[in-house]
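Chain residues, written in single-letter form:
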Amino acid sequence: ILGRMSPEKDFDFAIDAFCDPRLKDWQLVIKGFNFINPDKSDAFYQQVILDRCKDFDLPNNKIIIEGWGDPKELFRQSSIVLSTSVSETGHLTVMEGMSMGCFGLVRDWLGSEKLYPLSPKITTPTDLANAILEWDNNSYDQKLELSKESIKYIRLHPQTGGEDVNKAKKIINGLVDTEFK
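Residues numbered from 1 in each chain as written. Predicted model: local features only at pLDDT ≥ 70, side-chain atom pairs only at ≥ 80, totals over all residues. Heavy atoms only, no water.

(A) Representation of the overall build of the chain in the model. Within the chain, the regular secondary structure consists of eight helices and four strands. Start at the N end of the chain and walk to the C end: the helices and strands fall as α-β-α-β-α-β-α-β-α-α-α-α. In the chain, the share of contacts with a sequence separation of at least 24, taken over all contacts with a separation of at least 6, comes to 62%. Approximately 10,300 Å² of the chain is accessible, and the part contributed by carbon and sulfur atoms is 50%. (Helix = DSSP H or I, 4+ residues; strand = E, 2+ residues; numbered from the N terminus. Contact = heavy atoms within 4.5 Å. Areas by Shrake-Rupley, 256 points an atom, 1.4 Å probe, with all protein chains shown as cover.)

(B) Highlighting the pairing of strand E3 (residues 80–83). Here E3 shows no split at all, with Ile80 and Leu82 on one side and Val81 and Ser83 on the other all buried. Pairing geometry for E3 and strand E4 (residues 103–106), over four bridges, is parallel. Within E4, the position partnered with Ile80 by the bridge is Phe103. (Buried < 20%, exposed > 50% of the residue type's maximum accessible area, 1.4 Å probe, protein only. Pairing = 2+ DSSP bridges.)

(C) Representation of the pattern of salt bridges within the structure. Scanning the model with the defined rule gives six salt bridges in all. Across the pair Arg107 and Asp10 runs a salt bridge whose closest N-O atoms are separated by 2.5 Å. With Arg107 in the loop between E4 and helix H5 (112–115) and Asp10 in the segment before helix H1 (11–18), this pair connects stretches of sequence that are 97 residues apart. With respect to burial, Arg107 and Asp10 carry one shared label: buried. (Salt bridge = Lys/Arg side-chain N within 4 Å of Asp/Glu carboxyl O.)

(D) Spotlight on the nonpolar core. Counting 28 residues, the largest nonpolar core has Leu28, Leu105 and Leu128 as the members making the most contacts within it. Among the elements of the structure, H1, strand E1 (28–33), helix H2 (40–55), strand E2 (63–67), E3, E4 and helix H6 (125–136) are those that each provide at least two residues to this core. Discounting chain neighbours no more than four positions away, the residues touching Leu128 are Phe13, Ala14, Ala17, Leu82, Thr84, Leu105 and Ile122. (Core = buried A, V, L, I, M, F, W, Y, C linked by side-chain atoms within 4.5 Å.)

(E) A look at the confidence of the model for the chain. Residue-level pLDDT values for the chain average 78, and 76% of them are 70 or greater. When mean pLDDT is compared element by element in the chain, H6 scores highest at 95, while helix H8 (residues 165–173) scores lowest at 53. Scored below 50 in pLDDT, residues 161–165 shows seven contacts in the model against residues more than four places distant or in partner chains. In the model, residues 176–181 has pLDDT below 50 throughout and makes seven contacts with residues more than four positions away in sequence or in other chains. (pLDDT = per-residue confidence, 0-100.)

(F) Geometry of the packing of helix H4 (residues 92–99) against helix H7 (residues 140–155). In the contact formed by H4 and H7, the axes pass within 8 Å of each other and the chain directions differ by 125 degrees. Accordingly, the angle class assigned to the pair H4 and H7 is oblique. Considering the relative orientation of H4 and H7, their crossing is left-handed. Between H4 and H7, the contacting residues are Met95, Met98 and Ser99 on the first element and Ser150, Ile151, Tyr153 and Ile154 on the second. Per-class residue counts for the contact of H4 with H7 are five nonpolar, two polar and no charged. (Axes fitted to C-alpha atoms, helices over the stretch in contact; angles between N-to-C directions. Parallel < 35°, antiparallel > 145°, perpendicular 65-115°, else oblique. Left-handed = near helix turned anticlockwise from the far one by under 90°. Nonpolar A, V, L, I, M, F, W, Y, C, P; charged D, E, K, R; others polar.)

(G) Examining the side chain of Thr84 more closely. On the secondary structure map, Thr84 appears in the loop between E3 and H4. Judged by relative accessible area, which is 3%, Thr84 ranks as buried. At 2.9 Å, the side chain of Thr84 forms a polar contact with the backbone oxygen of Lys9. (Polar contact = N/O pair within 3.5 Å; in protein donor to acceptor, adjacent residues only side chain to side chain.)

Right under this line is the structure:
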C-alpha cells in the first residue's frame, strides 16, 4: 500500500486481512508514513496503526511500515498493489503499480468496478485475503498474463495519457452525471 496516512485510507482493513493465517507467507508493506513531521490530522492515526501492529503476535517482518520513498522500487518488489480506502476518486497509486506490472486489488467503492474491472469485489478483509490467495494460486504464466492485462488496462486510462483515452472517458462518463472532457 502506498499513500498518505489518514483514517479514510483504512489501513486497518489490510492489517486485518494479513492477520489471516492463510497469508502466513505474505508480507504487507505500508509506505507513506511521515515519521519526521506528520500532518497533525494524520499523526494520531499513524500512531494508532503503529500501536495496532505491535499488538498482533506476528513475525517482525509480516507488516512493514515505512516512510516516503521511491514508489518504483516498492512496485518492482511487489506483485500486488492494494487500495483499502473507503472511497476514492480513482486512486492513482493503484494505477502506478499496475503500470509497473503489479496486480491491482481495490476495495469496493462506488465506481471501483468500472475503473478497476480486473479487481474482484472486495468488501471485507476476508475477501481481500481470498483475492490474494486466488491470485497466488495462478501459475506463473497466468500471473504474467494478469500483469500484462494490468499494464494494457492502464494504457487506456485518461489520467495516464494512454493510447485509447476516448474509451476510458466513456467508462468514466458512465459513472458520473456530467460529461468528462
